[in-house]
Amino acid sequence: MVHINAIIEIFPDLAKGLTITITVLIGAAFFGYLFAFIAGLCRMSSNVFLRKFTGFYVEIFRGTSLIVQLFWLYYAIPMLFGIELGSNWWAGVIAIALNYGAYMSEIVRGSILAVANGQSEAATALNMSRFQRMRLVIFPQAIRMMLPEFGNYSIQMLKATSLVSLIGMEDILYHGNIIRSTNLSQAPTVYLLVLLFYFILALPLIFLTRKMEAFSKKGVASG
Amino acid sequence: MIEPIVSFHDVHKSFGDVKVLKGIDLDIRPAEKVAIIGPSGSGKTTIIRMLMTLEEPTSGDIIVNGTNLWKMEKKGKLVRANEKHLRAVRGDIGMVFQHFNLFPHMTILENCMTAPLHVKKEGKEAVKQRSLEMLERVGLSDKVDQYPSQLSGGQKQRVAMARALVMRPKIMLFDEVTSALDPELVAEVLQVIRDIAKNDDMAMILVTHEMDFALDIADKVLFLDEGVIAEQGTAREVIEHSNNERLQEFLHRFRA
């Protein structure tokens, strides 16, 4: 049963995990977008090595499980190669960023390729350089296609942050598990509240995604 | 004799195994208005696309203002032009496309202002002034703050012309600019081209299916057939006195 008293008791304990969940999300989102842009652009490079290498990265990280990647980064790689990422915060952030960066790089690439060829030609006819064509014409249109997708992936990244509880980070889920293990009968209340926490955190992201969808609709219709 | 502003010397172009152009020789003088006519697939558009650097010739030379467009000198040898060379040579050329290709994320005014601001690095006020003048000239002063998606096809094409004119090209290329328009919108676009042809001293090359219009404004008409210039001359010479059977047949189809 879910009791009001229990909720009042559990709530502050769970809230202790907010900082970790939110900072991991922000870190993962920042690096995730960064990796997405780097990998997305590299996959369109004229350099064969760069293209193959990023293709390899994308397929490996899309094709394997995030939890396993997280364990590799946190447990296996430090042992095998002596590379320490510094802390479990960094291991969590980088694992989520690499994984979602791989997915989102396809969005970056796809969006840039989806901008009609005529746009680049018109820019060439106005004597723009390759860089100007990208910066002034292609990219602003591509980003409008990317934004709603990025919003969706941000929500997914928020949910993925719960995995860092498995490498000993004290996020919302970690605190929830602690409470439950000391007080088994509270399991329904605990996990209901955990869900609620994630949902409330997701609300601004959902709202932002809607905003970005509306923004995208303006000014991408064929010119 | 005035030096030509554009010359083609034995220009060939193939797409894979398909030979589209089989030796084009062509001189265009400053301010000359040239219409290229001919059946679909004869390579008309390819000629101006190569001049705009959108398509690289398979062989031959294109000379613009005395400079080889697609080849540059390097250590005394002619090599394939790089981006920098292409940019330096194509600066005097402007183009209007069949499908307008306006930038959908920019307002009409921004469409006109972007290139002079960023490519020519001109001052913002001067560019704005000139853009507004050009938009007035094409009759769209009341649309400057709208987006391309809010305009009709004819209006879009007029914006595209203003956008090209703001760059003050010496050579303007028109690639079947009325082909994608609803019939009732063709006249307004042709009117703007006629105005440019009359009042500006730039060279113009029009690839067109608007036969009467082409013959009306062109100093020179080229009939392109199966990858070669099969006939050329003034409009009168080409229309009335040519013995070329394919040309007569082609014209007949349009007159029918």
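Residues numbered from 1 in each chain as written. Chains lettered and ligands numbered in written order. Predicted model: local features only at pLDDT ≥ 70, side-chain atom pairs only at ≥ 80, totals over all residues.

Looking at an unreviewed UniProt entry, chain B carries the name Polar amino acid transport system ATP-binding protein, with the source organism given as Virgibacillus chiguensis. Regarding chain B, the relevant UniProt record gives this comment under Sequence similarities (unreviewed entry): "Belongs to the ABC transporter superfamily." For chain B, the Subcellular location (unreviewed entry) comment in UniProt is given as "Cell membrane". (UniProt positions renumbered as here; feature names shortened; annotations may be inferred.)

Per an unreviewed UniProt entry, the recorded name for chain A is Polar amino acid transport system permease protein, and the organism is Virgibacillus chiguensis. The Sequence similarities (unreviewed entry) field of the UniProt record for chain A holds the comment "Belongs to the binding-protein-dependent transport system permease family." In its Subcellular location (unreviewed entry) section, the UniProt record describing chain A reads: "Cell membrane".

(A) Seen up close, the overall build of chain A. When its secondary structure is counted, chain A shows 9 helices and 0 strands. Taken over the C-alpha atoms alone, chain A extends approximately 70 × 45 × 25 Å along its principal axes. In chain A, which comprises 223 residues, the share counted as buried stands at 39%. Across chain A, the fraction of contacts at a sequence separation of at least 24, relative to all contacts at a separation of at least 6, is 76%. (Helix = DSSP H or I, 4+ residues; strand = E, 2+ residues; numbered from the N terminus. Buried ≥ 20, exposed ≤ 12 C-beta atoms within 10 Å, placed from the backbone. Contact = placed C-beta atoms within 7 Å.)

(B) Focus on the overall build of chain B. Counting secondary structure elements, chain B contains 9 helices and 12 strands. In terms of C-alpha radius of gyration, chain B reaches 19 Å, essentially the compact-globule figure of 18 Å for 256 residues. Summarising its shape, the C-alpha atoms of chain B cover approximately 55 × 50 × 40 Å along the three principal directions. The buried share among the 256 residues of chain B stands at 45%. For chain B, contacts bridging at least 24 residues in sequence account for 64% of all contacts bridging at least 6. (Rg over C-alpha atoms; globule rule 2.2 N^0.38 Å.)

(C) Broad picture of the sheet that holds strand 11 (residues 220-225) of chain B. Residues and elements named next belong to chain B. Spatial strand order, 8-9-10-3-11-12: 6 strands in an open sheet with mixed pairing. With one partner strand each, in any of the chains shown, strand 8 (93-96) and strand 12 (228-233) form the two edges of the open sheet. Taking the axes of each pair of neighbouring strands and ignoring which way they run, one obtains an average angle of 20° across the sheet. Bridge analysis of strand 3 (residues 33-37) against strand 11 gives 4 bridges, and the strand direction is parallel. Counterpart to A35 in the pairing with strand 11 is V221. Of the strands in this sheet, strand 8 and strand 9 (171-175) touch helix 5 (residues 153-166), which is tilted by about 175° from strand 8. (Pairing = 2+ DSSP bridges. Axes fitted to C-alpha atoms, helices over the stretch in contact; angles between N-to-C directions.)

(D) Highlighting the pairing of strand 7 (residues 77-80) of chain B. Residues and elements named next belong to chain B. Relative to strand 7, strand 6 (residues 71-74) runs antiparallel, the two sharing 4 bridges. Its bridge partner being in strand 7, M72 is matched across the sheet by V79. Counting the residues in the hairpin turn of strand 6 and strand 7 gives 2 residues, including K75, whose phi is positive at 50°.

(E) Spatial organisation of the interface of chain A and chain B. Taken residue by residue, the interface counts 22 residues in chain A and 25 residues in chain B. If you tally residues by element for the side of chain A that touches chain B, the top one is helix 7 (residues 130-160) of chain A, at 7 residues. The class makeup of the residues in the side of chain A that touches chain B is 9 nonpolar, 10 polar and 3 charged. (Nonpolar A, V, L, I, M, F, W, Y, C, P; charged D, E, K, R; others polar.)

(F) A look at the environment of F197(A). Residues and elements named next belong to chain A. Tracing the chain through its elements places F197 in helix 9 (residues 187-217). Between the alpha carbons of F197 and L173 there is a distance of 9.6 Å; along the sequence they are 24 residues apart. Those residues in contact with F197 that lie beyond four places of it in its chain are L14 and I172.

(G) Quick look at the UniProt feature "domain: ABC transmembrane type-1" (unreviewed entry) in chain A. Residues annotated by UniProt as "domain: ABC transmembrane type-1" (unreviewed entry) correspond here to residues 14-205 of chain A. Summarising residues 14-205 of chain A: 81% helix, 0% strand, and an end-to-end C-alpha distance of 21 Å.

(H) Local environment of the confidence of the model for chain B. Mean pLDDT over chain B stands at 92; residues scoring 70 or higher make up 99%. Reported for the predicted complex are a pTM of 0.84 and an ipTM of 0.92. (pLDDT = per-residue confidence, 0-100.)

(I) Examining the packing of helix 6 (residues 117-125) of chain A against helix 7 of chain A more closely. Residues and elements named next belong to chain A. The interhelical angle for the contact between helix 6 and helix 7, taken along N-to-C directions, is 155°, at an axis separation of 10 Å. In terms of their interaxial angle, helix 6 and helix 7 are classed as roughly antiparallel. Relative to helix 7, helix 6 is oriented so that their crossing is right-handed. Where helix 6 approaches helix 7, its residues Q119, S120, A123 and T124 are matched on the opposing element by R133, V137, I138 and Q141. Tallied by class, the residues present in the contact of helix 6 with helix 7 amount to 3 nonpolar, 4 polar and 1 charged. (Parallel < 35°, antiparallel > 145°, perpendicular 65-115°, else oblique. Left-handed = near helix turned anticlockwise from the far one by under 90°.)

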